[in-house]
Amino acid sequence: MNIEIITTPNEELKESGFGSLKACNNVLESIRNMGHTVILTVCSTKNGLEEVVKRNPDIVLLAVKYLSFGNENNIWLSDYFAKHSINYSASSREVLRFDSDKVLAKQHLKKSGIKTADYFTAIPGQYKSAKELPISFPLFLKPIDAANGNGIDDLSFVTNFTEFESKILSLHDTFKLPILVEEYLEGKEFTVAVIETTNGELIVSPIEIIPLVSTNGLRILGQQAKKDDTEVLKKIKDDSMKIKLVKLATDAFNGLGVRDYGRIDIKTNKAGECFFMEANLVPGMTQGSSYFPKACEIENELTYDNVIELMLSKGLNRIPYVQPSLINTALTHRDILPYAINF
């Protein structure tokens with residue numbers, strides 16, 4: 001098959017995606033090992049997307065959700081390729097909004113009876129005192145749309161109104177959006193990789209994430225912890241907890257209408273009850289460190305190549321049947337294509 005991985009210069013992106021060019025090249029090498037024709041296209045202009053359409057690949061693997069061009073509107077890749085009748089990986093633009101807006105995802109799932117931490121949103125000056133806050137302290141503050149721990153640190157955990165005001169102002173200055181304020185859950189942190197197979201079954205891989213204890217005695221899974229790669233990823237040996245995690249992740253995956261694959265983040269309270277936290281529908285894919293492939297490895301003993309093959313399987317299954325002789329002819333030309341294309 002002819003496959004293109006689509007990304008953009010993404011060092012400054014705060015939203016989810018496969019990651020740096022290193023991660024995209026990890027994916028590319030894995031797909032090449034399967035025998036497919038594959039190129040990595042780094043788009044920084046609209047012309048780059050137009051060239052992809054001209055090449056008309058069998059499927060585009062979207063390593064980012066959208067392309068951003070300064071003051072112009074973002075181009076959402078799922079929308080763009082759908083309009084040009086090109087098969088693409090993962091979820092539609094309508095579903096990806098649940099990845100980009102944590103509150104929207106929580107609202108949607110809460111209506112279906114899925115537990116999520118109590119929350120509200122706030123901007124600087126909106127609340128004048130602790131008595132006005134909808135939820136009591138302690139609280140946890142984070143950006144409404146950022147991933148990879150962006151904006152999260154020890155100061156995200158607030159126990160009084162002065163700390164609350166300070167962190168709200170700091171996050172709002174950086175992200176220019178209302179801030180998500182959640183009740184603080186004192187339990188454990190989990191993430192669950194979910195892959196939909198060609199027959200509609202789900203491969204569900206839950207793991208526990210254990211951040212190092214910070215200088216303030218907290219275990220905060222924030223930007224620095226993820227950057228330093230200091231957190232411990234642990235197989236879950238408690239069968240009853242694993243059953244709860246699998247059920248919640250499956251319900252969230254189906255409830256949000258996710259296609260192909262996604263990662264569901266879950267946290268527990270002191271009593272061990274599970275709560276949906278957020279969905280990552282374009283998960284990090286750096287070999288050896290990203291949560292999605294590591295969860296699949298730890299829980300289901302899947303290699304990185306196994307994971308990539310499974311992530312592609314549903315998308316490849318959407319391609320109309322092509323005679324084997326034509327596929328073989330295409331594969332003999334795979335080394336002619338460049339390793340990566342930049343626009």
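Everything below is about the structure shown above.
Residues numbered from 1 in each chain as written. Predicted model: local features only at pLDDT ≥ 70, side-chain atom pairs only at ≥ 80, totals over all residues. Heavy atoms only, no water.

Peer 1: So, the overall build of the protein chain: which residues are in play, and what are the values?
Peer 2: For the protein chain, the count of helices and strands is 11 helices and 15 strands. Within the span of the protein chain, comprising 343 residues, buried residues form 52% of the whole. In the protein chain, the share of contacts with a sequence separation of at least 24, taken over all contacts with a separation of at least 6, comes to 70%. On the protein chain, roughly 15,800 Å² of surface is accessible, and the fraction owed to carbon and sulfur atoms is 49%. (Helix = DSSP H or I, 4+ residues; strand = E, 2+ residues; numbered from the N terminus. Buried < 20%, exposed > 50% of the residue type's maximum accessible area, 1.4 Å probe, protein only. Contact = heavy atoms within 4.5 Å. Areas by Shrake-Rupley, 256 points an atom, 1.4 Å probe, with all protein chains shown as cover.)

Peer 1: Lay out unusual backbone geometry with the relevant residues and their values.
Peer 2: With an omega dihedral of 0°, the bond running from Phe 137 to Pro 138 counts as a cis peptide bond. Structurally, Pro 138 can be placed in the loop between strand S6 (119-122) and strand S7 (139-143). In the Ramachandran plot, Ser 85 falls in the positive-phi region, its phi being about 55° despite a non-glycine side chain. Its location among the elements puts Ser 85 in the loop between helix H3 (77-83) and helix H4 (93-100). Ser 85 gets classed as exposed once you look at its relative accessible area, which sits at 67%.

Peer 1: I'd like a description of the sheet that holds strand S14 (residues 274-280), backed by residues and values.
Peer 2: Pairing within the open sheet is antiparallel, and its 5 strands lie in the order S12-S11-S10-S13-S14. Strand pairing shows two members of the sheet lacking a second neighbour, strand S12 (232-235) and S14, which therefore form its edges. The sheet shows a mean angle of 30° between the axes of neighbouring strands, taken without regard to direction. Alignment of strand S11 (residues 202-210) against S12, held across 4 bridges, turns out to be antiparallel. Of the residues in S12, the one forming a bridge with Glu 208 is Lys 234. Running at roughly 130° to strand S13 (residues 261-268), helix H8 (residues 239-256) makes contact with strand S10 (189-196), S11, S12, S13 and S14 of the sheet. (Pairing = 2+ DSSP bridges. Axes fitted to C-alpha atoms, helices over the stretch in contact; angles between N-to-C directions.)

Peer 1: Outline helix H6 (residues 161-175), supporting the account with residue identities and numerical values.
Peer 2: Over its 15 residues, H6 runs 21 Å from end to end, which matches the ideal 21 Å to within 8%, given 1.5 Å per residue. Three or more residues of H6 are buried, namely Phe 161, Phe 164, Lys 167, Ile 168, Leu 171 and Phe 175. Projection of H6 onto a plane perpendicular to its axis shows the buried side chains occupying an angular sector of 130°, all on one side. In this fold, the buried residues of H6 make contact with S6, S7, strand S8 (157-158) and strand S9 (179-183). Lys 176 occupies a position one or two residues after H6 and carries a positive phi of about 60°. (Expected span 1.5 Å × (residues − 1). Arc of directions from axis to C-beta.)

Peer 1: Describe the side chain of Asp 265, listing the residues and the values that go with them.
Peer 2: Among the structural elements, Asp 265 can be located in strand S13. The exposure class assigned to Asp 265 is buried, which follows from its relative accessible area of 12%. For Asp 265, the side chain forms a polar contact with the side chain of Thr 191, separated by 2.6 Å. Once residues lying within four places of it in the same chain are set aside, the contact partners of Asp 265 are Phe 190, Thr 191, Phe 275, Phe 276, Met 277 and Glu 278. (Polar contact = N/O pair within 3.5 Å; in protein donor to acceptor, adjacent residues only side chain to side chain.)

Peer 1: Describe the environment of Leu 180, listing the residues and the values that go with them.
Peer 2: Structurally, Leu 180 can be placed in strand S9. The contacts of Leu 180, once residues within four sequence positions are left out, are Lys 102, Val 103, Lys 106, Tyr 119, Phe 120, Phe 140, Leu 141, Lys 142 and Ile 144.

Peer 1: Quick rundown of the packing of H4 against helix H5 (residues 102-111)? Include the residues and the values.
Peer 2: Interhelical geometry of H4 versus H5 gives an angle of 110° and a closest axis separation of 5 Å. Put simply, H4 runs roughly perpendicular to H5. Residues Arg 97, Phe 98 and Ser 100 of H4 form the contact with H5, whose own contacting residues are Lys 102, Leu 104, Ala 105 and His 108. Taken together, the residues of the contact of H4 with H5 sort by class into 3 nonpolar, 2 polar and 2 charged. (Parallel < 35°, antiparallel > 145°, perpendicular 65-115°, else oblique. Nonpolar A, V, L, I, M, F, W, Y, C, P; charged D, E, K, R; others polar.)

Peer 1: I'd like to hear about the pattern of salt bridges, residue by residue, with values.
Peer 2: Inspection of the entire model under this criterion finds 16 salt bridges. Glu 278 serves as the salt-bridge partner of Lys 142, at 3.7 Å between the closest nitrogen and oxygen. One end of the pair, Lys 142, is in strand S7; the other, Glu 278, is in strand S14, and 136 residues separate them in sequence. On the basis of relative accessible area, Glu 278 is assigned to the buried category, the value being 16%. Its salt-bridge partner being Asp 265, residue Arg 263 comes within 3.2 Å of it at the nearest N-O pair. Within the structure, one salt-bridge network assembled from shared partners comprises Lys 106, Lys 142, Glu 182 and Glu 278. (Salt bridge = Lys/Arg side-chain N within 4 Å of Asp/Glu carboxyl O.)

Peer 1: Tell me about the sheet that holds S9, and name the residues and values.
Peer 2: The sheet built from 4 strands is open, its strands ordered S6-S9-S7-S8 with antiparallel pairing. Edge positions in the sheet fall to S6 and S8, since each of these pairs with one other strand and no more. Relative to S8, S7 runs antiparallel, the two sharing 2 bridges. Of the residues in S8, the one forming a bridge with Leu 139 is Val 158. This element, H6, spans S6, S7, S8 and S9 of the sheet and lies at about 10° to S7.

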